[in-house]
Amino acid sequence: MATPFLSNTTLSFSSSFSSSPLPRFIPSISSSSIRFRSTPRRILTVRSKIREIFMPALSSTMTEGKIVSWIKSEGDMLSKGESVVVVESDKADMDVETFYDGILAAIVVGEGETAPVGAAIGILAETEDEIAEAKAKAASTTSAPPPSPSSAPAPAATSTPAPPKPTPAPAAAPVAEGPRKIVATPYAKKLAKQHKVDIESVAGTGPYGRITPADIEASAGISPSKKNLGPAVVAEAKPAAPPKATAAAPSSLPPPVPGSTVVPFTTMQAAVSKNMVESLSVPTFRVGYPVTTNALDALYEKVKPKGVTMTALLAKAAAMALVQHPVVNASCKDGKSFTYNSNINIAVAVAINGGLITPVLQDADKLDLYLLSQKWKELVEKARAKQLQPQEYNSGTFTLSNLGMFGVDRFDAILPPGQGAIMAVGASKPTVVADADGFFSVKNKMMVNVTADHRIIYGADLAAFLQTFSKIIENPESLTL
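Residues numbered from 1 in each chain as written. Predicted model: local features only at pLDDT ≥ 70, side-chain atom pairs only at ≥ 80, totals over all residues. Heavy atoms only, no water.

## Here we look at the packing of helix α10 (residues 310-324) against helix α11 (residues 369-384)
Their axes nearest at 9 Å, the elements α10 and α11 cross at an angle of 120 degrees. Taken as axis vectors, α10 and α11 run oblique relative to one another. Taken as a pair, α10 and α11 cross one another with a handedness that is right-handed. Where α10 abuts α11, its residues Thr 311, Ala 312, Leu 313 and Lys 316 lie against Leu 369, Leu 372, Ser 373 and Trp 376. Residues that form the contact of α10 with α11 fall into these classes: five nonpolar, two polar and one charged. (Axes fitted to C-alpha atoms, helices over the stretch in contact; angles between N-to-C directions. Helix = DSSP H or I, 4+ residues; strand = E, 2+ residues; numbered from the N terminus. Parallel < 35°, antiparallel > 145°, perpendicular 65-115°, else oblique. Left-handed = near helix turned anticlockwise from the far one by under 90°. Contact = heavy atoms within 4.5 Å. Nonpolar A, V, L, I, M, F, W, Y, C, P; charged D, E, K, R; others polar.)

Below is the structure:
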């Protein structure tokens with residue numbers, strides 16, 4: 001279970017070590033004297049009474065988290081290892097525990113609000129004597145963004161932000177207490193570098209003082225429309241044509257249709273969007289293959305009363321085929337080399353409320369069909385309750401997506417980043433086929449399309465894998481062994 005990162009601030013105590021009195025019995029030593037020097041006093045200082053509870057990174061792709069609910073309230077006593085808050089990451093909701101005993105003195109980020117990874121979301125005090133100090137620290141944390149304009153001489157270069165500067169100036173004293181932590185969105189950092197803006201001098205207007213792209217554009221003098229700046233700024237904006245061209249990208253979006261509603265991505269939807277865009281950089285190709293499913297359908301009717309699902313049957317068949325074709329189970333992550341994965345972990349796409357997630361059947365080739373089905377049901381329940389652990393959704397080496405239960409006859413799937421192939425399974429439907437002797441018959445067939453990374457998997461590799469998969473499906477007795 002993930003735990004918050006805590007910083008130490010104020011407690012100090014001392015321990016001293018001094019020499020003990022000399023023993024009374026000392027052997028006589030002629031013409032010599034023995035001198036004992038007292039051990040110097042040593043003071044050990046430990047600062048540990050007031051600690052910040054930080055937003056933890058619950059997965060490798062998480063950049064910010066949303067507070068679903070606080071399990072504890074302000075003033076509650078906390079014990080080490082006790083769950084304090086539920087945080088929504090990009091894939092699941094997870095309980096966050098505390099490393100220390102103490103009192104939850106203040107909640108900095110409330111329920112339903114978001115904060116970047118590493119930002120303080122709560123203050124922990126060790127004793128009741130430190131609660132007042134902890135609350136003051138929480139208040140300074142939440143009010144830290146407003147004083148930041150005092151450190152914004154860079155915008156003064158545009159000669160227009162000078163008028164609003166005197167109002168926040170008196171708040172400069174708190175800023176002088178220590179270095180200000182700069183929190184900015186990745187795109188804002190990119191814009192700052194692109195327009196050569198000192199990001200430390202920019203006042204953030206986002207949540208908790210986060211610096212947004214609009215703040216950078218304002219500092220660079222390329223977004224006058226929002227500030228209603230005077231004619232002088234318009235005059236300066238005209239010669240700044242090259243920077244304005246870069247700012248034209250966001251404004252090139254068409255205006256929303258009247259009456260429409262703009263809904264921001266949830267954390268999970270944002271993660272899915274990021275992965276899908278990332279997958280566009282991978283050169284992929286697609287191969288389709290028809291598979292006869294009469295024997296598989298008959299086996300499914302036999303094992304269905306025992307709790308076996310069609311998804312488990314397909315995952316088991318794919319895993320057995322991957323054993324014979326390990327290159328399809330390989331992955332390329334850096335564009336310079338590829339890895340043969342020793343484990344066959346089948347990730348299966350599952351649609352849940354507000355997103356998509358891929359629970360992983362680890363070592364699917366080594367589990368028997370019934371244990372695999374039981375494991376799959378547990379994963380689906382945890383996925384829909386948003387309780388999957390990171391290793392249960394990010395360790396896949398091959399992905400299976402099945403829309404056959406919706407009557408979809410064929411579709412193409414997008415390759416997940418970090419994997420070599422993904423299989424899209426359509427519905428099994430009666431199809432008229434002709435044998436070698438020219439006789440017609442009706443058989444159930446389903447179309448299987450595989451999208452693969454062409455850097456490591458070639459057409460012949462994928463064709464051979466699909467032939468093996470088809471043979472297993474058409475003769476499924478081995479699935480129950």
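Let us keep going from here.
## Observations concerning the packing of aromatic side chains
Scanning the entire structure with this criterion turns up two aromatic pairs. Aromatic side chains Phe 338 and Tyr 340 sit 5.3 Å apart centroid to centroid with 65 degrees between the ring planes, which places their arrangement in the edge-to-face category. (Phe/Tyr/Trp six-rings, centres within 6.5 Å; stacked < 30°, edge-to-face > 60°.)

## So, the packing of α10 against helix α12 (residues 459-474)
Their axes nearest at 9 Å, the elements α10 and α12 cross at an angle of 135 degrees. Here α10 is positioned oblique relative to α12, judged by the angle of their axes. Remark: the crossing between α10 and α12 carries right-handed chirality. Contact residues: α10 offers Leu 314, Ala 317, Ala 318, Met 320, Ala 321, Leu 322 and Gln 324, while α12 offers Phe 465, Thr 468, Phe 469, Ile 472 and Ile 473. Across the contact of α10 with α12, the residue classes tally to ten nonpolar, two polar and no charged.

## Some details on the side chain of Ser 401
One can find Ser 401 in strand β15 (residues 398-402). Its relative accessible area of 13% is what places Ser 401 among the buried residues. Residues within four places of Ser 401 in sequence aside, it is in contact with Ala 349, Phe 411, Met 423, Ala 424 and Val 425. (Buried < 20%, exposed > 50% of the residue type's maximum accessible area, 1.4 Å probe, protein only.)

## Comments concerning unusual backbone geometry
For Asp 363, which is not a glycine, the phi torsion comes out positive at approximately 55 degrees. Counting through the fold element by element, Asp 363 comes out in the loop between β14 (360-361) and α11. Phi at Lys 386 takes a positive value of approximately 55 degrees, unusual for a residue other than glycine.

## A closer look at helix α8 (residues 267-279)
Between its terminal C-alpha atoms α8 stretches 19 Å, which fits the 18 Å expected from 13 residues at 1.5 Å a residue. Where α8 is concerned, the buried positions are Thr 267, Met 268, Ala 271, Asn 275 and Ser 279. The buried residues of α8 occupy an angular sector of 110 degrees when the element is viewed end-on, so they sit on one face. Those residues of α8 that are buried lie in contact with β3 (64-70), β5 (83-88), β12 (350-352) and β13 (355-357). (Expected span 1.5 Å × (residues − 1). Arc of directions from axis to C-beta.)

## Topic: the pattern of salt bridges
Evaluated as defined, the whole model comprises six salt bridges. A salt bridge links Glu 88 to Lys 386, with the shortest nitrogen-to-oxygen separation between them at 3.1 Å. On the criterion of sequence distance, the pair formed by Glu 88 in strand β5 and Lys 386 in the loop between α11 and β15 is long-range, its members being 298 residues apart. Side by side, Glu 88 and Lys 386 carry an identical accessibility label, which is buried. Here Asp 453 ties to Arg 455 by a salt bridge, and the two come within 2.8 Å at their closest N and O atoms. (Salt bridge = Lys/Arg side-chain N within 4 Å of Asp/Glu carboxyl O.)

## Describing the confidence of the model for the protein chain
Chain-level statistics for the protein chain give a pLDDT mean of 76 and a share of 73% at 70 or above. Across residues 1-34, where pLDDT falls below 50, the model places 74 contacts with residues more than four positions away in sequence or in other chains. Taken together, the stretch residues 145-179 has pLDDT below 50 and engages in 29 contacts with residues farther than four places along the chain or on a different chain. (pLDDT = per-residue confidence, 0-100.)

## Examining the sheet that holds strand β8 (residues 114-116)
If you walk across this open sheet you meet the four strands as β6-β5-β3-β8, and the pairing is antiparallel. Sheet topology places β6 (93-97) and β8 at the edges, where each strand pairs with a single neighbour. Geometrically, the sheet is characterised by an average inter-axis angle of 40 degrees between neighbouring strands, direction not taken into account. The sheet contact formed by β3 and β5 spans four bridges and is antiparallel. Of the residues in β5, the one forming a bridge with Trp 70 is Val 85. (Pairing = 2+ DSSP bridges.)

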